[in-house]
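# Descriptive analysis of the structure
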Amino acid sequence: MASDVTPQLSWNLVHDVQQLFEFHFMVNAFRAGTVVAVVAAAIGYFMVLRQQTFAGHTLSVVGFPGAAGAIWLGVSASYGYFAFCIVAALLIAAVPHGRGRAFSEESAVIGTIQAFALACGFLFVSLYAGFLNGIDSLLFGSFLGITDAQVVALLAVGCGALLVLVVIGRPLLFASIDTDVAAARGIPVRALSVAFLVVLGVAVAEASQITGSLLVFALLVVPAATAQRLTSRPGVGLAWSVGLGLLITWLGLGISYYADYPVGFWTTSVAFAVYVGVQIATRATGARAARRRRTLAAAP
Amino acid sequence: MTAALVLAAGSGIADLFAHPFMRNALLAGTAIAAASGLVGYFVVLRSQVFSGDALSHVAFAGALGALAFGVDARVGLFAATILVGLGLGAVGTRGRPDDVVIGTVFTWILGLGVLFLSIYTTSSSTGNGAANVNVLFGSIFGLSTGEAVAAALIGVALCAAVLVIARPLLFASIDEAVAAARGVPVRALGIVFLGLVGVCAGEATQAVGALLLVGLIAAPAGAAQRLTDRPWLGLGLAAVLAVAAMWIGVLVAYVDGDVPPSFSIMATAGAIYLGAYAVSRVRTARAVARVGRGPAHRTWPDPA
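Read on for an overview of the structure.

### Digging into the overall build of chain A
Across its full length, chain A carries 13 helices and 0 strands. What you see in chain A, going N to C, is helices and strands ordered as α-α-α-α-α-α-α-α-α-α-α-α-α. Within chain A, residue pairs in contact and separated by at least 24 positions form 75% of the contacts whose partners lie at least 6 positions apart. Total accessible area on chain A stands at roughly 13,900 Å², and carbon and sulfur atoms take up 68% of it.

Laid out in structure tokens, this is it:
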């Protein structure tokens, strides 16, 4: 039987893909990965636009004690991720944001909170004796053992989050690009910001279950940042972001199925390669365009 | 009764130092905490907490990279954190760092750490299965005497180095332009300082782990800056508060064996920050009340 053989890459791509989907756990990994990639990339696009990357970072770190605590209490880690991420999002929304000198103060607070959250996660893991090995999958992700029910749950929550994003998308875009004008035009900027942070919490909680708490950025930031490098049109950028998110997830999962090393390494590496590649490409085209402008200007 | 209590406490403390692991933990911990407090004061003052965050990722990848290639974890740890610290200084991180670039690069470095971890755990049969947990969350009770002495010496040297450059660094941190005009080598200082932050990150990783070192650097320093505006007092206070967090944390973990020391240290540091926050709020409220009681209900001119 083929299932006894370790997977081997061949030049026959169709065969490779068939091999990839031979096991149910791998099918589920791809289903979950697809859902997560779409949700994270779409919401991440707005997050990067609103420059709330560090809110995303804090939320992802807070997810870790949530998941560890849930496992310690004997509940599914998913509940822990969602509960902690959403509560943390509401807390972040409640804290006023300082500017200027307050920034140094604020960053000290954020650093302290993140370290404390991680320490709490470590405490829960230690209290749940014998679980020390599971810490890796909580921090760095794992695609093994995703059940059908989990895929359905991810899909349902992801659809809900995307639906909210569709409803608030247009005013949110306006509020993100020019807060003052949007507020003057009667858009509820504050309420939108709170709603967005909650949606962001949901996206982080979803992504954490595939990438682990520490590597969420690979799906949340990289596709969005790369897309914004490629185009400044929001609709097109959103599509790019989702496309790149899917590419990173599928490639990451596919390679880690064939190669020995963990999925966290492959997704972050693919993400990094995509980001660097696009940076180089856009810089090259930018330089060429500048040269063309110069020659045009020099021409009589 | 009081005498009995004192006696009991005395024998308890004697007990404490009877264990070599406690002696090592307190020896290394004190030096590491003092250094973290001093370095942290400037890190917070210069708004470079996120560089500390970046260094924590590097510390993880560096330590596990060294283990994967069969070298002492500390070699990779310090090499990585110092190099990246100097690199960050050379690139320049004034003002708000570019979140997206930092996030992308350091997520990948963390991914590399995961790769090294998997190489280390699959290739070496003699490998320590908990090595990654130790690197991520520290193992201050697991330090050998040699490691503790080395950590203490590096910590003392680090404190000395920070104190040597403290005066010009303070000037450069508070008003960079004026300092540069007065001939202070602002740029070189910035690079040297981030190199020292790298050393500090390597030190703190041994005590509380790569993931938690930001807390040890930021919390006592943030608390000190809440409590006083005077720089030298604040600098000293940051070191004292960090050492207090370390001692209380280690003692709590010693008394309750279920609590990992890294957690109790972080929890104490967080509590210290909260306390400082409360004190500064009360002070502000009192100051406002005093102003309010002044010349009755004067209308202030509109600032605009």
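### Notes on empty space enclosed by the protein
Tallied over the full model, the rule gives 4 cavities of 30 Å³ or more. In terms of lining residues, the largest cavity is bounded by 16 residues, among which A:H57, A:F217, B:D53, B:H57 and B:G103 are the most central. Elements with a contribution of two residues or more to the lining of the largest cavity: α3 (53–72) of chain A together with α3 (49–68) and α5 (99–123) of chain B. When residues in the lining of the largest cavity are grouped by element, the largest group, 5 residues, is from α5(B). Looking at the lining of the largest cavity, its residues break down into 8 nonpolar, 6 polar and 2 charged. By volume, the second largest cavity is sized at about 100 Å³. Along its surface, the second largest cavity is lined by A:H57, A:V61, A:G111, A:Q114, A:A115, A:L118, A:L214, B:D53, B:S56, B:H57, B:L211 and B:V214. Of all elements in the fold, only α3 and α5 (102–127) of chain A together with α3 of chain B reach the threshold of two or more residues within the lining of the second largest cavity. Per-element accounting of the lining of the second largest cavity gives the leading share, 4 residues, to α5(A). Counted by class, the lining of the second largest cavity contains 6 nonpolar, 5 polar and 1 charged residues.

### Details of the interface of chain B and chain A
Across the contact, 46 residues belong to chain B and 46 residues belong to chain A. Counting across the chain B and chain A interface gives 2 residue pairs in polar contact (both at pLDDT 80 or more). Those elements that provide at least two residues to the side of chain B that touches chain A are α3, α5, α6 (131–137), α10 (213–227) and α12 (261–293) of chain B. At 16 residues, the largest contribution of residues to the side of chain B that touches chain A is made by α5(B). Classifying every residue of the side of chain B that touches chain A by side-chain character gives 28 nonpolar, 12 polar and 6 charged.

### Regarding the packing of aromatic side chains
Each aromatic ring pair is described using two quantities: the centre-to-centre distance and the angle formed by the ring planes. What the rule picks out here adds up to 16 aromatic pairs over all chains. Ring centres of B:Y41 and B:F42 lie 5.9 Å apart, and the angle between their planes is 85°; on these two criteria the pair is classed as edge-to-face. For the pair B:F42 and B:F193, a centre-to-centre distance of 6.0 Å together with 70° between the ring planes defines the contact as edge-to-face. Residue B:F42 is found in helix α2 (residues 20–45), and its partner B:F193 is found in helix α9 (residues 186–208); the two are separated by 151 residues along the sequence. As far as burial versus exposure is concerned, B:F42 and B:F193 are alike and both buried. One aromatic cluster is present, built from ring pairs that chain together A:Y45, A:F46 and A:F196.

### Describing α3(B)
Two residues of an α-helix separated by three or four positions point the same way, owing to the 3.6 residues in each turn. Residue and element names in this part refer to chain B. In this model α3 runs 29 Å from its N-terminal to its C-terminal C-alpha over 20 residues, within 8% of the 28 Å that 1.5 Å per residue would give. Among the 20 residues of α3, 20 are classified as buried, and the element is accordingly described as predominantly covered. Just beyond α3, the residue with positive phi is G70, at close to 75°.

The rules behind the values
Throughout, a residue's number is its position along its own chain's written sequence, starting from 1. Ligands are numbered from 1 and chains lettered from A, in the order in which they are written. In keeping with the model being predicted, local features are shown solely for residues with a pLDDT of at least 70 and side-chain atom pairs are shown and tallied solely at 80 or more, while totals for entire chains, interfaces and linings include all residues. The side-chain numbers reported here are obtained from all heavy atoms of the structure, hydrogens and water having been left aside. Every helix listed is a DSSP run of H or I at least four residues long, and every strand listed is a run of E at least two residues long, numbered separately from the N terminus. Residue contacts follow a heavy-atom distance rule, with two residues in contact if any of their heavy atoms lie within 4.5 Å. Note on areas: Shrake-Rupley with a 1.4 Å probe; residue coverage comes only from the protein chains shown. Every definition here rests on a 1 Å grid over the protein atoms only: cavities are sets of points where a 1.4 Å probe fits but cannot get out, pockets are open sets enclosed by protein on both sides within 12 Å along at least five of seven lines, and lining residues have some atom within 4 Å of a point. Grid points are joined across faces, edges and corners, and a volume is the space filled by probe spheres set on the points. Nonpolar residues are Ala, Val, Leu, Ile, Met, Phe, Trp, Tyr, Cys and Pro. Charged residues are Asp, Glu, Lys and Arg, and all others, Gly as well, are polar. We define a polar contact as two N or O atoms separated by no more than 3.5 Å, with the added condition that, inside protein, one atom must be a possible hydrogen donor and the other a possible acceptor, whereas residues neighbouring each other in sequence contribute only through side-chain atom pairs. Stacked, tilted and edge-to-face pairs are distinguished by plane angle, under 30 degrees for stacked and over 60 for edge-to-face with tilted covering the rest, among Phe, Tyr and Trp rings (Trp via its six-membered ring) whose centres lie within 6.5 Å. Using a 1.4 Å probe on the protein chains alone, a residue whose accessible area is under 20% of its type maximum counts as buried, one over 50% counts as exposed, and one in between counts as partly exposed. Each helix should span, by expectation, one fewer than its residue count multiplied by 1.5 Å.

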